[in-house]
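Residues per chain, in single letters:
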Amino acid sequence: MKQSVKYGLALVGFLLAGLIFLPFAGGNRPSIAESAGLPVEVTITANQLERPHGEEAARQDIRYAGGWVLNSDHKGFGGFSGLIVDGDAGSLVAISDKGDWWQAPFDALTGQPPGTGSMRSYTLGALADKEDLDAESLIRFQGGYLVAFEQNHRLEFLAEVGGRPSPPSGLASIDFSGVSNNSGMEAIALLPSGRLLAFTERGQDTGGRLKAWLVSGDRVADLYFAPPANFAPTDAAVLPNGDVLVLLRKYSAVEGVAVKVMHVEAAGILPGAVLAGREILHLTPEDPVDNMEGLDIVALGGDKVRLVMISDDNFNPLQRTLLMMFDYKYQ
C-alpha cells in the first residue's frame, strides 16, 4: 500500500472526531486520571520520515531527528495539545484537551523514546464540563506551568503537575470579546522580556489575519498573525535568541493533514505588528504525520536546537499520537 494511501486512510478519522466528542459536549464529565497519578505503559513504534522536503532540504538547516508512534491501553492517554520537554532533567510533560496530564521520562538529547510515566487529572474543583478542560497550550512560567484554555477562555498557573490552578500573577487579563468558543488561545510563548505572546487559532479578518496578543504585567497589546493559506497555529516556542517558532496545521477532508513551522524574528514582535515569519518546515499528507498540536524546543548548543512535536489524536482510533523531533540550525 502506498504511503500516501496508508496515512490518508487514517486521516478520515478527523471527520469522525466531532462525533466522538459529542457525548462530552455538555454536562459533567469526570476526568479519567486520578490526581495521585496512574502508571502508564506506552508501546513505542518508530515513525520513519525518509524523504527530504522542498526549501528546508535545499538549505540543509533542518533535518528529521527521529520519532515514534505512541500507544497505550490507558483510557486517558491521547489528545495532547500542549508539551514541555526538559532536556536537562530528561522528562516531558504533556496536557490533553480533556484536561489530563502525561508525565514521563524522555531523553530528547540522545533521542531515546519516552519511558513508563503517569497520568494525572486536572484539578478543577467544581468545574468538570468539557469547555472547562480544553487545554491547548502549555509553557514553563514562574517556576511552574502556565496553561491556555479555549472554550472557557483563560490562563491558569500551576506550581506543579496535578496541582491546584490559580490565575497567573504578573499578567494583565485578556479581553476575549468577539473570540468564538473554539478559537481561543491555541498557542502561547513566553518571550525573554517576560511578555506573553498568544495566538488565536481561527477568526481571520478580511486581510487574512488572526488576532494575537502581547501580554505584560499591566497591559495587553493587540497584534496579528498572517498564517499561510488554510493553515492555523497550534503551538509556539521561543528560540534561545528570542525568535519564535510557530507550529501550524492544515486539514482537508480531501487532501489530509499538512504541517508547517514558521520562524518569526523577535525584532518584529511589536504591538500592532502583523507577524508572518519564514517557513522552515513543511510536512505533507504523504508524510507520516498527524494533527500536530504541541511544540517545545531543546537547546543543543551553539545555534542548534531540537524541535519536539506531539500530535492530538482526538481520542480517535483512526488517528495516532506521534512524537517527532527535528534538529534546526536557526542562525
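In case you missed it, the structure is sitting above this.
Undergrad: Just checking my understanding: could you explain the overall build of the chain for this structure?
TA: In terms of helices and strands, the chain carries 4 helices and 22 strands. Within the chain, the proportion of its 331 residues that are buried is 57%. Long-range pairs, those at least 24 residues apart, make up 57% of the contacts in the chain with a sequence separation of at least 6. As displayed, the chain has an accessible area near 13,600 Å², and 51% of this comes from carbon and sulfur atoms.

Undergrad: Explanation requested: the pattern of salt bridges in the structure shown.
TA: Opposite charge on two side chains allows them to pair when their charged atoms are near. If you walk through the whole model with that rule in mind, you get 12 salt bridges. Residue Glu 201 pairs with Arg 202 through a salt bridge whose shortest N-O separation is 3.2 Å. Judged by relative accessible area, which is 38%, Arg 202 ranks as partly exposed. As a salt-bridge pair, Lys 329 and Asp 303 come within 3.1 Å of each other at their nearest N and O atoms. Separated by 26 residues along the polypeptide, Lys 329 in strand S22 (residues 321-329) and Asp 303 in the loop between strand S20 (292-301) and strand S21 (304-311) bring together distant segments of the chain. Of the residues examined, Lys 329 reaches a relative accessible area of 37% and is grouped as partly exposed. Where salt bridges share partners, they join Glu 201, Arg 202, Arg 249 and Glu 293 into one cluster.

Undergrad: Before we go on, may I ask you to explain the sheet that holds strand S7 (residues 117-121) in this structure?
TA: Through backbone hydrogen bonds, the strands of a sheet pair up, either in parallel or in antiparallel fashion. Overall, antiparallel pairing links the 5 strands, which are arranged S1-S7-S6-S5-S4 in an open sheet. Strands at the two margins of the open sheet, each flanked by one partner only, are strand S1 (38-40) and strand S4 (80-86). Ignoring which end each strand starts from, the neighbouring axes of this sheet average 25° apart. Taken together, the 3 bridges between S1 and S7 define a ladder with antiparallel strand orientation. If you follow Val 40 over to S7, its bridge partner there is Gly 117.

Undergrad: Explain the sheet that holds strand S16 (residues 244-252) here, please?
TA: As summarised here, the arrangement of the 4 strands in space is S15-S16-S17-S19, forming an open sheet in which the pairing is antiparallel. Edge strands, defined here as strands with exactly one partner in the open sheet, are strand S15 (232-238) and strand S19 (278-283). Strand-to-strand twist of the sheet, defined as the mean angle between neighbouring strand axes without regard to direction, takes the value 20°. Of the pairings in the sheet, the one linking S15 to S16 comprises 6 bridges and is antiparallel in character. In the sheet register, Pro 233 faces S16, and the bridge partner there is Leu 248.

Undergrad: Please explain the packing of aromatic side chains as it appears in this structure.
TA: Two measures describe an aromatic ring pair: the distance that separates the ring centres and the angle between the ring planes. The final tally for this structure, using the stated rule, is 9 aromatic pairs. Both rings, one in Trp 68 and one in Phe 106, keep their centres 6.0 Å apart while their planes meet at 90°; by these two values the pair is edge-to-face. Of the two residues, Trp 68 sits in strand S3 (residues 62-71) while Phe 106 sits in the loop between strand S6 (100-105) and S7, which places them 38 residues apart along the sequence. With relative accessibility at 9%, the residue Trp 68 sits in the buried group. Judged by its relative accessible area of 1%, Phe 106 falls in the buried class. For the pair Trp 101 and Tyr 145, a centre-to-centre distance of 5.8 Å together with 65° between the ring planes defines the contact as edge-to-face. Within this pair, whereas Trp 101 is found in strand S6, its partner Tyr 145 is found in strand S9 (residues 144-149), the two being separated by 44 residues in sequence.

Parameters and conventions
Residues numbered from 1 in each chain as written. Predicted model: local features only at pLDDT ≥ 70, side-chain atom pairs only at ≥ 80, totals over all residues. Heavy atoms only, no water. Helix = DSSP H or I, 4+ residues; strand = E, 2+ residues; numbered from the N terminus. Buried < 20%, exposed > 50% of the residue type's maximum accessible area, 1.4 Å probe, protein only. Contact = heavy atoms within 4.5 Å. Areas by Shrake-Rupley, 256 points an atom, 1.4 Å probe, with all protein chains shown as cover. Salt bridge = Lys/Arg side-chain N within 4 Å of Asp/Glu carboxyl O. Pairing = 2+ DSSP bridges. Axes fitted to C-alpha atoms, helices over the stretch in contact; angles between N-to-C directions. Phe/Tyr/Trp six-rings, centres within 6.5 Å; stacked < 30°, edge-to-face > 60°.

So far we have only geometry, and geometry alone does not tell us how the molecule works.
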